[in-house]
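# Understanding the architecture of this molecule
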Amino acid sequence: MQFTLGPQLMRVCRVLATLGMAAWLTACALVEHVGWRLVTTPRPALLQTGGQRLEGVVSLRPDRTGDMSLSGTGSIASCAGSLRFTSVTGGSMDMRCSDGAMFSMQFVMVNEVKGYAFGLHGEATAALTFGMDANEAQAYLSRATPPASP
């Protein structure tokens, strides 16, 4: 005796297979997103520019990229940006701030999770540290100079 599947049963099987594949792909995407979140290393960050200090975090990812988000209470309410390694121990950061300023910074890693960066913000020097406590960061932040007086 031979058993044959009817056309309706074949359609149901195809629909179920398609739904199963879609669910599997969605689960894989969610697992990857959660995995990136687990291995991303957020570090406290301080930015000193134009006589103002902003606080926030710099997140370093295993793919040698990252992002940052900082906020303050002065004329610059917030800054955000991204970073990418261009060498083994350093790279570049692009920042955009709420006051319209956009600037690039070069960073250097002190160890696997600590670093510092310098760049220009208008006529002022901007200094950023991440992964350091306030006392340790002060040596780097003190190098930020206010804009020249008119």
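What you see is a predicted model; the values in this text were computed from it and never measured. (Residues numbered from 1 in each chain as written. Predicted model: local features only at pLDDT ≥ 70, side-chain atom pairs only at ≥ 80, totals over all residues. Heavy atoms only, no water.)

## Regarding the overall build of the chain
- Secondary structure summary: the chain contains two helices and eight strands in total.
- Long-range pairs, those at least 24 residues apart, make up 28% of the contacts in the chain between residues at least 6 apart in sequence.
- As displayed, the chain has an accessible area near 9500 Å², and 60% of this comes from carbon and sulfur atoms. (Helix = DSSP H or I, 4+ residues; strand = E, 2+ residues; numbered from the N terminus. Contact = heavy atoms within 4.5 Å. Areas by Shrake-Rupley, 256 points an atom, 1.4 Å probe, with all protein chains shown as cover.)

## A word on the state of the cysteines
- Enumeration according to the criterion identifies one disulfide in this entry.
- With a sulfur-sulfur separation of 1.9 Å, C79 is cross-linked through a disulfide to C97. Looking down the S-S bond of the C79 and C97 bridge, the torsion is 100°, so its handedness is right-handed. Of this pair, C79 sits in strand 4 (residues 78–85) while C97 sits in strand 5 (residues 90–97), placing them 18 residues apart in sequence.
- Classification of C79 as buried rests on a relative accessible area of 2%. (Disulfide = S-S within 2.5 Å. Buried < 20%, exposed > 50% of the residue type's maximum accessible area, 1.4 Å probe, protein only.)

## A short note on the pairing of strand 5
- Along strand 5, six of the eight residues are buried, which leaves the element largely enclosed by surrounding structure.
- Pairing of strand 4 with strand 5 involves seven bridges; the strand directions are antiparallel. Counted as the bridge partner of S82 is D94 from strand 5.
- The hairpin formed by strand 4 and strand 5 contains four residues between the paired strands.
- Count of turn residues in the strand 5/strand 6 (residues 102–109) antiparallel hairpin: four residues, of which G100 carries a positive phi of about 95°. (Pairing = 2+ DSSP bridges.)

## Examining the side chain of Q52
- By the element assignment, Q52 lies in strand 2 (residues 52–60).
- At 2.7 Å, the side chain of Q52 and the backbone oxygen of I76 are in polar contact.
- If sequence neighbours within four positions are ignored, Q52 has contacts with L47, G72, T73, G74, S75 and I76. (Polar contact = N/O pair within 3.5 Å; in protein donor to acceptor, adjacent residues only side chain to side chain.)

## What to know about the pairing of strand 4
- By the alternation rule, side chains of strand 4 split into C79, G81, L83 and F85, which are all buried, and S78, A80, S82 and R84, of which none is buried.
- One ladder, built from seven bridges, connects strand 3 (residues 65–71) with strand 4; its direction is antiparallel. Bridge pairing links T65 to R84 in strand 4.
- Between strand 3 and strand 4, which pair antiparallel one after the other, the connecting turn spans six residues.

## Points about the environment of A126
- With respect to the helices and strands, A126 occurs in strand 8 (residues 124–130).
- We classify A126 as buried; its relative accessible area is 0%.
- Each C-alpha atom, one on A126 and one on S142, is 10.0 Å from the other, the two residues being 16 residues apart in sequence.

So far we have only geometry, and geometry alone does not tell us how the molecule works.
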